[in-house]
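# Summary of structural features
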Amino acid sequence: MPNEKTLQAKQEVVAALKAKLDSAVTCVVVDYKGISVEDDTKLRKQLREAGVDYFVAKNTMLRFAAKEAGYEDLTPYFEGTTAVAISDSDPVSAAKILNDYAEDANANFSLKAGMVEGKIYDQAGIQAIAKLPSKEQLLAQLCSVLNGNIRGLAVALNAIAEKSGEAAPEIA
């Protein structure tokens, strides 16, 4: 049985992990086996720039924290070499970066599972989420669609004005 000081330290780690899970929009669990230090440093930098917190923790601590946070369905995935990426703002970035890395760089590095906005996904689900366009891409597509409709309306109004013999109003 661990002494009181060790038990207190472990409880603090679990509480900190639970707090991260509570504030998370996305949590991606990965198997980081076979990754070199150089590649890990590059991956961590890329995740940090995207606002994603990436860390390695003991599986037991992760299991306790996940249960306390209400994500018990994640606990079976905390086996072997486990790292966790948590984002509290963007639901897609962590999955996208980690999936791209797993596909491009390392055959041993793989996604295990994850949570997006409170829903648990298996490996296939997280990979599907990783393939979704980012928020910026979706907003650009929306603007393009809206701009196209407005432009079509302007062209139609101009054609009607020209057909009726009126001078087309100039747009500033």
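Residues numbered from 1 in each chain as written. Predicted model: local features only at pLDDT ≥ 70, side-chain atom pairs only at ≥ 80, totals over all residues. Heavy atoms only, no water.

## Side note on helix α4 (residues 93–104)
The following threshold applies: A run of DSSP states H or I qualifies as a helix once it reaches four residues; a run of E qualifies as a strand once it reaches two. Both are numbered from the N-terminal end. Each helix should span, by expectation, one fewer than its residue count multiplied by 1.5 Å. Using a 1.4 Å probe on the protein chains alone, a residue whose accessible area is under 20% of its type maximum counts as buried, one over 50% counts as exposed, and one in between counts as partly exposed. Should any heavy atoms of two residues lie within 4.5 Å, those residues are considered in contact.
Spanning 12 residues, α4 covers 16 Å between terminal C-alpha atoms, matching the ideal 16 Å at 1.5 Å per step. For α4, the set of buried residues is S93, A94, A95, I97, L98, N99, Y101 and A102. On its buried face, α4 is in contact with β1 (26–31), α2 (37–49), β2 (52–56), β3 (82–87), β4 (110–116) and α5 (123–130).

## A short note on empty space enclosed by the protein
Spelled out, the test is: Here the term cavity refers to a set of points on a 1 Å grid, laid over the protein atoms alone, in which a 1.4 Å probe fits but cannot get out; the term pocket refers to an open set having protein on both sides within 12 Å along at least five of seven lines, with lining residues being those that place an atom within 4 Å of a point. Grid points are joined across faces, edges and corners, and a volume is the space filled by probe spheres set on the points.
A full pass over the atoms with the stated rule returns 1 cavity of 30 Å³ or more. Its volume calculated, the largest cavity comes out at about 40 Å³. In terms of lining, the largest cavity is formed by L17, L21, C27, F55, L62, A65, F78, V84 and I86. Counting only elements with at least two residues in the lining of the largest cavity, the list comes to α1 (4–23), α3 (59–69) and β3.

## Quick notes on the packing of aromatic side chains
This is how it is decided: Only the six-membered ring of Trp is used, alongside the rings of Phe and Tyr, when aromatic pairs are assigned; centres must lie within 6.5 Å, and planes under 30 degrees apart are stacked while those over 60 apart are edge-to-face, with the rest tilted. We count a charge as sitting over a ring when the NZ of a lysine or the CZ of an arginine lies within 6 Å of the ring centre and within 35 degrees of the ring normal.
Within the structure shown, the criterion is met by 1 aromatic pair. Aromatic side chains Y101 and F109 sit 4.8 Å apart centroid to centroid with 90° between the ring planes, which places their arrangement in the edge-to-face category. An identical accessibility class is assigned to Y101 and F109; each is buried. Sitting over the ring of F55, K20 keeps its end group 4.3 Å from the ring centre.

## Thoughts on the pattern of salt bridges
The cut-off we apply is this: By definition, a salt bridge exists where a carboxyl oxygen of Asp or Glu is found within 4 Å of a side-chain nitrogen of Lys or Arg.
Here the structure, examined in full by the defined rule, presents 8 salt bridges. Between K18 and D22 there is a salt bridge whose closest N-O contact spans 2.6 Å. Here K18 and its partner D22 are both found in helix α1, 4 residues apart, which amounts to about one turn of the helix. Exposure remark for K18: the relative accessible area of 23% places this residue in the partly exposed category. With a relative accessible area of 43%, D22 lands in the partly exposed category. Put simply, D31 and K33 hold a salt bridge, and the shortest N to O gap is 3.7 Å. Relative accessible area serves as the criterion here: at 13%, D31 is assigned to the buried category.

## Remarks on the sheet that holds strand β5 (residues 119–122)
The strands that make up a sheet pair up through hydrogen bonds in the backbone, lying either parallel or antiparallel. Definition in use: Strand pairing is defined by DSSP finding a minimum of two bridges between the two strands. Orientation is described by axes fitted as lines to C-alpha atoms, over the contacting stretch for helices, and by angles from 0 to 180 degrees between their N-to-C directions.
Strand order across the open sheet formed by 5 strands is β2-β3-β1-β4-β5, with antiparallel pairing between neighbours. Looking at which strands have only one partner, the edges of the open sheet turn out to be β2 and β5. Neighbour-to-neighbour, the strand axes of the sheet open up by a mean angle of 20°, direction not taken into account. As defined by bridge partners, β1 adjoins β3 across 6 bridges and the pair is classed as antiparallel.

## Quick notes on the nonpolar core
What counts, and what does not: Among buried residues, those of type Ala, Val, Leu, Ile, Met, Phe, Trp, Tyr and Cys that are joined through side-chain atoms within 4.5 Å constitute a nonpolar core.
Counting 21 residues, the largest nonpolar core has V28, V30, L43, Y54, L98 and F109 as its most contacted members. Residue assignment for this core shows that the elements contributing at least two residues are β1, α2, β2, β3, α4, β4 and α5. Here this core takes 6 residues from α4, the largest share from any one element. Excluding anything up to four places from it in sequence, F109 contacts V30, D31, Y32, K33, I35, L43, Y54, L98, Y101 and A102. If you look at the next biggest cluster of nonpolar residues, it comprises 19 residues, including F55, L62, F78 and I86.

## Regarding unusual backbone geometry
If you check the backbone angles, E117 has positive phi at about 50° while not being a glycine. Following the sequence through the fold, E117 ends up in the loop between β4 and β5. The exposure class of E117 is exposed, given its relative accessible area of 61%.

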